[in-house]
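Here is how the chains run, residue by residue.
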Amino acid sequence: EDHKLSTSELEEKYGTSINKGLSSARAAEILARDGPNSLTPPKATPEIVKFLKQMVGGFSILLWIGAVFSWISFAIQLAQGAESPFDNLYLGVVLALVVILTGIFAYYQEAKSTNIMASFSKMIPQQALVIRDAEKKELPADQLVVGDIVEIKGGDRIPADIRLISTQGCKVDNSSLTGESEPQSRSCDFTHENPLETRNIAFYSTTCVEGTATGMVINTGDRTVIGRIASLASGVGNEKTPIAIEIEHFVYLVAGVAISIGVLFFIISVSMRYKILDSIIFLIGIIVANVPEGLLATVTVSLSLTAKRMAKKNCLVKNLEAVETLGSTSIICSDKTGTLTQNRMTVAHLWFDNQIYSADTSEDQTTQPFDQSSPSWTALSKIVTLCNRAEFRPGQENLPIMKRVVVGDASETALLKFAEVILGDVMNIRARNKKVAEIPFNSTNKFQLSIHETDDPNDKRFLLVMKGAPERILEKCSTIMINGKEEPLDSEKAAAFQTAYMELGGMGERVLGFCHLYLPENEFPDTYPFDTDSMNFPTSNLCFVGLLSMIDPPRSTVPDAVSKCRSAGIKVIMVTGDHPITAKAIAKSVGIISATSETVEDIAKRLNIPVEQVNRREATAAVVNGMELKDMSLQQLDEILCNHSEIVFARTSPQQKLIIVEGCQRQGAVVAVTGDGVNDSPALKKADIGIAMGIAGSDAAKNAADMVLLDDNFASIVTGVEEGRLIFDNLKKTIAYTLTKNIAELCPFLIYIIASIPMPIGTITILFIDLGTDVIPSVALAYEKAESDIMNRRPRNKRKDRLVNEQLAVYSYLQIGIMQSVGAFVTYFTVYAEQGFLPSTLLGVRVDWENNAINDFEDSYGQEWTKYQRMYLQWTGYTAFFVSITIQQVADLIIRKTRRNSIFQQGLFRNKVIWVGIFSQIGIALILTYGLGHVTALNFMPLRFQYWFVAVPFAILIWVYDEVRKLFIRRYPGSWWDKNMYY
Amino acid sequence: GLILLFYLVFYGFLAALFTFTMWVMLQTLSSDIPKYRDRISSPGLMISPKPDTALEFYFNKSDAQSYAEYVSTLRKFLESYDDSKQSQNINCTPGRIFDQNDVAVKKACRFNLSELGQCSGKEDKTFGYSKGTPCVLVKMNRIIGLKPEGEPRIYCTSKEEGMVEINYFPPEGLIDLMYFPYYGKSLHAHYLQPLVAVQLAINSNSTKEEIAIECKILGSPNLKNEDDRDKFLGRIAFKVQMTE
């Protein structure tokens, strides 16, 4: 309500004085009461909570259970005085270590990606010029309190919500708050009931573009308008990312399998008269075998690798999981300004000599291709050059013209650059045509005028140049220049002007008219005193020269990116605060509205019928005005979102963005939203993936977003989508790869329990596969190239296209996994048989085999073995089993490179990292077997060289079988085979 | 339906493949001698009778029931050494390795029960348990092709001095080299491994005390008896506690 109060009422209310400001003591008091003038950062989860979450998330609970069981059985065995109870203690410790280490790793990864963001929010502390104790002081902005008198000037950020007391040509850029891109003038007058609309309040975090102002602080910190919005944004809940849902689904699936098999075999072993203690130990083994310990860490690494890759392509991902979200995106709600467009006015069209010319609007123009031979153009270019107050900042001579910084408003900047590109050195031209008088643009006259000496030494006439709103300019003209000659402006020529004006305006462009007049030398001699107040010079009967129209042109990469989205089945919706016509024009030029589609209004116009009679279904495109949206019910919005494939929302407020996002999410879509303003933050949070602009974006937007677009370019989003889709495919491969060997680790336990053979593989050995040999290969799959053009298929259906589907689990578990088990068992039996224990001897020997008191255990050849000799043999068996799994995992790794294509189509050597994976796998296995083969606790034994090759035929079989599978899938799409075998 | 059929065929194929590879693997093996014997380069020692729980003998010399199991185990164990069962066995030259590499049918050397003296069970049907002089038979694990060097013998010690007097049958606990090498179950069907009986004459005032005995194989450089981890490699430890 402060905007309605008079200055003296304000002074009274806040106990301050406009001239003297607050006293320091009073200010300190208020500061103590209100707190510093800064936004409370969103409540961060305490680090310890984050850490603990990692410790109990995913499979950790299962492993903790395993560890606790190990310790329990250790305690029991210790109490019973058994011989080697420490094995279980160690196992428990190892399991706990695994959980803790993977937890620390995940925590570290998360912290690392959060840190990238932290650097963003660090800003140079802002200073404010305050009057206190009747003195002007520079203070840090967070020391401001209500009642302080502050002075601001062009370029400053407004340090708090300020009621303006005196202003001089003050304009503020409210875009971060309201989305309006035009600077708005500010004065001391109360102009509107709504504090957001009134002119005498400047808001915290907006910028003063030009002019100066003095004002009184009326709100600080979280009580500012921005502060309230920011706290609103933190109220919008964060949705779970699709990949988080998928991983949760996968964890449940695997944990479900682990627990049910574990419990089933616990019951079986109890009913087979195993001791409870033994049964518990089996249970631990089954859990450890079933849980892919290294997988979640692998997923994190893969995601962060992709995040790194995306960062290189200007997509900075804050939340690792958002990497994939982008890939499943089905609707992108994009801003227009800056994202789809270059965010700078550029001359797009010219009209002179009764003809429209197009100008080059690309980002790096160096010349203009249109016909410049006409003398009319010479005249027009002179007006463009001279009737312009914008100037380049000095010292930028080496920069390309388009990149130079200009002091001046957007249109003038556009014209200056346009002239500089064509004519070169505008400043010199201006110097040669000295300005003698000038009337700047204002909203009442809607024109700008200046009078110059000419650079022709023989021509002593003054040149009056004028630009402004076309209709106003035309009013002042009596002639029009055609091919350099002045011709009378008759109704025919005026009609031609109207047509051109309408056409350019219809393209959503801002049109300016240009005219000039050479003042007769006799009436206006050298010394003539021009007075802009009394206007002692003609401003009518001028000569109309031409029109220039400007637009914020689309970025050149955007149309391609939009068509990529289209083929990728992603709907691009433009949401902008701009005028519908401009919005539609840009939408058309970038392809958001395709060339052939029509809106309801277009159809009405074409058929010449009222809008109401048009069949709404016929229109594929829609341009929805924010005002219409305001009155719409949710059903109506849903209908629009549903029925139209090409939608533009114009004149929307940032708040309406949230409504649009929610509407899209109701359709079941995964929605990406771009935003830069503070007001966008609720929408950014609500969206499945919020994308903040790195250059134009406010901190609040960056905070609320999941991703920051470093170059503000829409095309970068599309590359992000591609990476996101690729990582989803590759994670599928990684998981399939990892799950497979779990069966080969599980089967030994099951057969051990059922057939009572000596234990084929140890729990520790399994951990060495899961966390040793398998880790690098599974990460390597993240580097796999896409099998086909992933941007040619539709976004995945959240409900149907799961990361881990039934086919993947079944194929990995019941087919490849079983083959691996068979291969590994062949090696196991070979090792035992060649040492004297034929397979038939092994069945049912478990109890005697493990009996410490039996030291004359007879083998198939009549030899007798001590317990320890048997243990050595058993560990050799572990090693052989381990080696076999490793060898077959190499085949598994190779087949997982593709899901549909033949490996030979994909190229065996294209992904070099896979080979790093294979070599690491074999290298680690060699080190474990021969290097650590004598460390008893690890249960590895040096292995005869030939045992490395026993499983090779099975590895080859796996490869061949998978090639056949893929061949059938490719040959018979949609067949029974395809449905059951494609994962 | 189709899916069941598929898995039937698939697993059928895998089972066949498994069987086939196992068969091929077994074909490469000899039925006489295992391909590798590196995991048992040196034999372990074992005793008979072997108490169920740990290697601890508890008995009352005046209570026949308390040692009946030991006696019957010993009796059973020695059945195969009975003269009637050894009719096919030949008398070999003592003190020399009995190499039969070139002979197709491997002969077994006769091990006379009388070698075990008072522990043969001939005179004392209770193997000394009733007299407080219990017998324990020590045997060396069979390993195909093992040829002990030197003069292997079993030597037992008691940690507690003076509690027990140890007697060996055959004298000095000698294991004769003529029983080596062993050619495996299928070639050497009637093979009997040499035994050493250890008679523990427990001192009458040491009854009720637990006596720890450790037996080792000595006198042969290629038979290990000091392995850190394998407590049964060339040695064996057991406890005896006798009451009256």
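Residues numbered from 1 in each chain as written. Chains lettered and ligands numbered in written order. Predicted model: local features only at pLDDT ≥ 70, side-chain atom pairs only at ≥ 80, totals over all residues. Heavy atoms only, no water.

Novice: Give a description of the overall build of chain B that names residues and reports values.
Specialist: Per the secondary structure count, chain B includes 2 helices and 8 strands. Its helices and strands taken in sequence order, chain B reads α-β-β-α-β-β-β-β-β-β from the N to the C terminus. When its C-alpha atoms are laid out on the principal axes, chain B stretches across 80 × 50 × 40 Å. For chain B, with 244 residues in total, the buried portion stands at 48%. Of the contacts made within chain B by residues no fewer than 6 positions apart, 74% connect residues no fewer than 24 positions apart. Surface summary for chain B: the accessible area is close to 12200 Å², and the carbon and sulfur share equals 54%. Across chain B, 28 positive and 29 negative side-chain charges occur, with their mean positions spaced 6 Å apart. (Helix = DSSP H or I, 4+ residues; strand = E, 2+ residues; numbered from the N terminus. Buried < 20%, exposed > 50% of the residue type's maximum accessible area, 1.4 Å probe, protein only. Contact = heavy atoms within 4.5 Å. Areas by Shrake-Rupley, 256 points an atom, 1.4 Å probe, with all protein chains shown as cover. Lys, Arg positive; Asp, Glu negative; His and termini not counted. Charge placed at Lys NZ, Arg CZ, Asp CG, Glu CD.)

Novice: Can you tell me about the side chain of E438(A), naming the residues and giving the values?
Specialist: Residues and elements named next belong to chain A. Residue placement: E438 occurs in strand β14 (residues 435–439). Within the structure, the side chain of E438 is placed 3.1 Å from the side chain of K435, a separation counted as a polar contact. Contacts of E438, omitting those with residues within four sequence positions, involve R389, Q448, L449, S450 and T532. (Polar contact = N/O pair within 3.5 Å; in protein donor to acceptor, adjacent residues only side chain to side chain.)

Novice: Lay out the nonpolar core with the relevant residues and their values.
Specialist: Core analysis: the biggest nonpolar cluster contains 217 residues, and F714(A), Y129(B) and F238(B) have the highest contact counts within it. Per-element accounting of this core gives the leading share, 19 residues, to helix α25 (residues 714–755) of chain A. Leave out the neighbours within four places in its chain, and F714(A) touches I332(A), S334(A), T339(A), L340(A), V558(A), A561(A), V562(A), C565(A) and V572(A). (Core = buried A, V, L, I, M, F, W, Y, C linked by side-chain atoms within 4.5 Å.)

Novice: I'd like a rundown of the pattern of salt bridges, residues and numbers included.
Specialist: Where charged atoms of side chains with opposite charge meet at close range, the side chains can pair. Under the criterion given, the structure shown has 47 salt bridges over all chains. Linking K216(B) and E226(B) is a salt bridge whose minimum nitrogen-to-oxygen distance equals 3.1 Å. A residue pair is termed long-range when its members are at least 10 positions apart, and K216(B) in strand β7 (residues 210–218) and E226(B) in the loop between β7 and β8 (235–243) qualify at 10 residues. Three or more residues joined by partner-sharing salt bridges are found here, namely D856(A), E858(A), E864(A), K139(B), R142(B) and K185(B). (Salt bridge = Lys/Arg side-chain N within 4 Å of Asp/Glu carboxyl O.)

Novice: With reference to specific residues and values, describe the interface of chain A and chain B.
Specialist: If you look at the interface, chain A gives 48 residues, while chain B gives 46 residues. Of the roughly 3900 Å² buried where chain A meets chain B, counting both sides, 60% is carbon and sulfur surface. There are 7 salt bridges connecting chain A and chain B. A salt bridge links R142(B) to E864(A), with the shortest nitrogen-to-oxygen separation between them at 3.8 Å. At the surface where chain A touches chain B, the tally comes to 21 residue pairs in polar contact (both at pLDDT 80 or more). Among the secondary structure elements, those contributing two or more residues to the side of chain A that touches chain B are α28 (806–834), β28 (864–865), α31 (867–895), α34 (952–971) and α35 (976–981) of chain A. It is α28(A) that contributes the most residues to the side of chain A that touches chain B, 12 residues altogether. Tallied by class, the residues present in the side of chain A that touches chain B amount to 27 nonpolar, 15 polar and 6 charged. (Buried area = accessible area lost by both parts, 1.4 Å probe. Nonpolar A, V, L, I, M, F, W, Y, C, P; charged D, E, K, R; others polar.)

The values reported here are purely geometric and, on their own, carry no functional implication.
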